[in-house]
Amino acid sequence: MLTVRAVSWYGVYSVFLLTVVASLAAAGDGTDHARTPRDRRITFDMTPVRGEPQALELERAGFTYSCKECHRDLKAPADRANLEAEHGTIVFNHGTDMSCQVCHHPDNRDAYVDRECRQIPSTNTVELCAKCHNIEYRDWKANIHGRVNGYWNPALGPQTRLLCVQCHDRRAPAFQTMKPLPPPRKTRMPFLLKGPPHE
Amino acid sequence: MSDQEKQAGRGAGIRTLDQIADAPLDRRSFIKIGTAAAAGAAALGWALSPLLDAEGSITIDEFLQRHYERLSADEMQAILRRTENDISARYGVQASLSDPKPLPGVEYAYALNIGRCIGCRRCVEACMLENNTSRDPEIQYIRVLEMQKGSLDLENSDHYYDPDTVPRKDKYYMPVQCHQCSKAPCTKVCPVNATWQEPDGIVVVDYNWCIGCRYCMAACPYWARRFNYSTPSIPADEITTDMAYLGNRIRPRGVVEKCTFCLHRVRKGLNPACVEACPTGSRVFGNLLDPDSPIAYILREKRVYILKEDTGTIPRFYYFFDK
């Protein structure tokens, strides 16, 4: 015989059991809704190998980078016999049978020199390099030597072309070696390998 | 069963079904039955919980989706929004998904200076970042082969090389990726027409249509296609939110994906990610139909090598030499 008291107990138990079932069912749905949308992204690295041209960095550091400051009165020798003594930090590894004045103007040390002994302004390194490296210069102008960033079609948007000195050191122009990024993982199905390893 | 046996059974606590059904429901049996029912319901819920997880199942809308070529503009818009919501729910990023169409009068081609590549794998990393490929298990479209100088022996090439610095002496490096072949074998073998060649030459995959049979992977002579053995896992802050339906959107599990020349970028005029990241400038991209493009220049002026030319695939990917 059910009494009023017993009915009320059944009610309490029913509510309790329903709560347990509902909480267990909610726990079964494992998706994490707490994550918030983000728009931040990590882009690939597009900095040139050697950064900006060297002169700009030195100028930013407070130097004038003007060769004239020493060479105004001091006539430089035509050969490079005294290079180690006067320019101790310079590593010279550029071609064979080269001297300073293949590139530097004999009278104005702030300028480069072309084949007719005319001055090339120090900002125009491309013209200097082109003096010897004809094929590379031709290819560079055709956008196939050195990286071109931006739009593949110049009609659709701007293109950025790197200068020679952004990849090549003037005095040691061979392209530098670098650390490779890690190789691909050998397992293409790593989830099959979870568990104790094979003997 | 005799009455005597019934009596004996009752004495041992064994009751018939009728007796159980007719028994009055007291508090003790209610708690007993109720607890068992709750435990059963919880166990059932736990067992069925994978079905609640969206990534394992296919929705009715996805199931009824028609082939890409038969979709109306409105249907496409609905699919794009639905996929955006799906990506948002699963990866927590708000993607902007679009379906860029081929540009008229453009046929893309790619050239790679095999003498300049130093094997640094910067292109591989850029490709993964741009194309939202799975990090675990790892999917990479570009495979850089380390080859012995003076040989073209693919069999003995190594793509797991990991020295301190590259390039190594006496080695050269040959990155291989999808060649976007004019006569692409992968598109011919697909039993459901889920992969095809677009008018601008890019071979694409409709990931919603792919059934994952991997015939195309067997057909490809360049090992350019990859299969999603499990749902791609990508950190949310590395996901490229500018996505294309046929391109770099995050793939579902069980479908094939491949290089699309960064379709979402190049159809806006931008260079592919691998071109942008290459520190040596070995990679050149352009319009094959434009006689003033760098690609046309290379085909005119340089020595060009086609990988596995004898397979007759007529690739749009050329290796060239400076000297």
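Keep in mind it's a predicted model, so treat the numbers as computed, not measured. (Residues numbered from 1 in each chain as written. Chains lettered and ligands numbered in written order. Predicted model: local features only at pLDDT ≥ 70, side-chain atom pairs only at ≥ 80, totals over all residues.)

Caption draft 1: Expanded view of the overall build of chain B. Tallying secondary structure elements over chain B gives eleven helices and twelve strands in all. Overall, chain B is about 105 × 50 × 35 Å in size when its C-alpha atoms are taken along their principal axes. Buried positions account for 40% of the 323 residues belonging to chain B. In chain B, the proportion of contacts linking residues at least 24 apart, taken out of those at least 6 apart, comes to 66%. (Helix = DSSP H or I, 4+ residues; strand = E, 2+ residues; numbered from the N terminus. Buried ≥ 20, exposed ≤ 12 C-beta atoms within 10 Å, placed from the backbone. Contact = placed C-beta atoms within 7 Å.)

Caption draft 2: Layout of the overall build of chain A. Per the secondary structure count, chain A includes six helices and four strands. Shown N-terminal to C-terminal, the secondary structure of chain A runs as helices and strands in the order α-α-α-α-β-β-α-α-β-β. Per-residue burial over chain A gives 10% buried out of 199 residues.

Caption draft 3: Expanded view of the nonpolar core. Counting 73 residues, the largest nonpolar core has Ala 111, Cys 123, Cys 127, Phe 261, Leu 263, Cys 274 and Ile 298 of chain B as its most contacted members. With six residues, the single largest contributor to this core is helix H6 (residues 122–131) of chain B. Split by domain, the residues of this core number at least three in each of domain 2 (56–98) and domain 3 (108–321) of chain B. Here Ala 111 of chain B is in contact with Val 284, Ile 295, Ile 298, Tyr 318 and Phe 320 of chain B, once residues within four sequence places are set aside. Judged by nonpolar contacts, the second largest core, of five residues, contains Tyr 112, Leu 128, Cys 129 and Cys 164 of chain A. (Core = buried A, V, L, I, M, F, W, Y, C linked by C-beta atoms within 7 Å. Domains from an automatic or database assignment.)

Caption draft 4: Structural detail: the domain arrangement of chain B. One can read the domain layout of chain B as domain 1 (18–52), domain 2 (56–98) and domain 3 (108–321). Averaged C-alpha coordinates put domain 1 of chain B and domain 3 of chain B at centres separated by 58 Å.

Caption draft 5: Geometry of the sheet that holds strand S12 (residues 317–321) of chain B. Residues and elements named next belong to chain B. Reading across the sheet, the four strands line up as S10-S2-S12-S11 and stay open at both edges, with mixed pairing between neighbours. Strands with a single pairing partner mark the edges of an open sheet, and in this sheet they are strand S10 (283–287) and strand S11 (303–305). Adjacent strand axes in the sheet meet at a mean angle of 30°, parallel and antiparallel pairs treated alike. Inspection of the sheet shows strand S2 (residues 108–113) paired to S12 by four bridges, in the parallel sense. Its bridge partner lying in S12, Ala 111 is registered against Tyr 318. Its contacts with the sheet put helix H11 (residues 294–301) on S2, S10, S11 and S12, and the angle it makes with S10 is roughly 110°. (Pairing = 2+ DSSP bridges. Axes fitted to C-alpha atoms, helices over the stretch in contact; angles between N-to-C directions.)

Caption draft 6: Seen up close, the environment of Lys 179 of chain A. With respect to the helices and strands, Lys 179 of chain A occurs in the segment after strand S4 (159–161). Looking at Lys 179 of chain A, the number of C-beta atoms within 10 Å reads 12, which means it is exposed.

Caption draft 7: Quick look at the environment of Met 46 of chain A. Examined against the element boundaries, Met 46 of chain A turns out to sit in the loop between helix H1 (4–28) and helix H2 (54–60). Distance in space between the C-alpha atoms of Met 46 of chain A and Asn 149 of chain A is 8.3 Å, their sequence separation being 103 residues. Aside from chain neighbours lying at most four places away, what touches Met 46 of chain A is Asn 149 of chain A together with Glu 276 and Ala 277 of chain B.

Caption draft 8: The arrangement of helix H5 (residues 73–91) of chain B in detail. All names here are of chain B. Taking 1.5 Å of rise per residue, 19 residues should cover 27 Å, and H5 covers 27 Å from first to last C-alpha, within 8% of that figure. Along H5, the positions that sit buried rather than exposed are Ile 79, Thr 83, Ile 87 and Tyr 91. Axial view of H5: buried residues confined to an arc of 70°, hence all on one face. For H5, exposure combined with an orientation more than 90 degrees from the buried face picks out Asp 74, Gln 77 and Arg 81. Of the surrounding elements, those touching the buried residues of H5 are strand S1 (96–98). Directly after H5, the chain includes Gly 92, whose backbone phi takes a positive value near 70°. (Expected span 1.5 Å × (residues − 1). Arc of directions from axis to C-beta.)

Caption draft 9: Here's a closer look at the pairing of S10 of chain B. All names here are of chain B. Among the five residues that make up S10, five are buried, leaving the element largely enclosed by the rest of the structure. Sheet topology places S2 next to S10; five bridges connect them, and they run antiparallel. Residue Tyr 108 lies in a different strand from S10, and its bridge partner there is Asn 287.

Caption draft 10: Region of the structure containing unusual backbone geometry. Residue and element names in this part refer to chain B. Following Asp 136, the chain continues to Pro 137 via a peptide bond in cis, the omega torsion being -5°. Along the chain, the position of Pro 137 falls in the loop between H6 and strand S3 (143–148). Backbone torsion omega between Val 166 and Pro 167 reads 0°, so that peptide bond is classified as cis. Mapped onto the fold, Pro 167 is located in the loop between S3 and strand S4 (171–176). Even without being glycine, Gln 180 reaches a positive phi, approximately 45°. Here Gln 180 lies in the loop between S4 and helix H7 (185–189). Overall, the presence of 26 C-beta atoms within 10 Å leaves Gln 180 in the buried class. For Phe 261, which is not glycine, the phi torsion reads 55° and is therefore positive.

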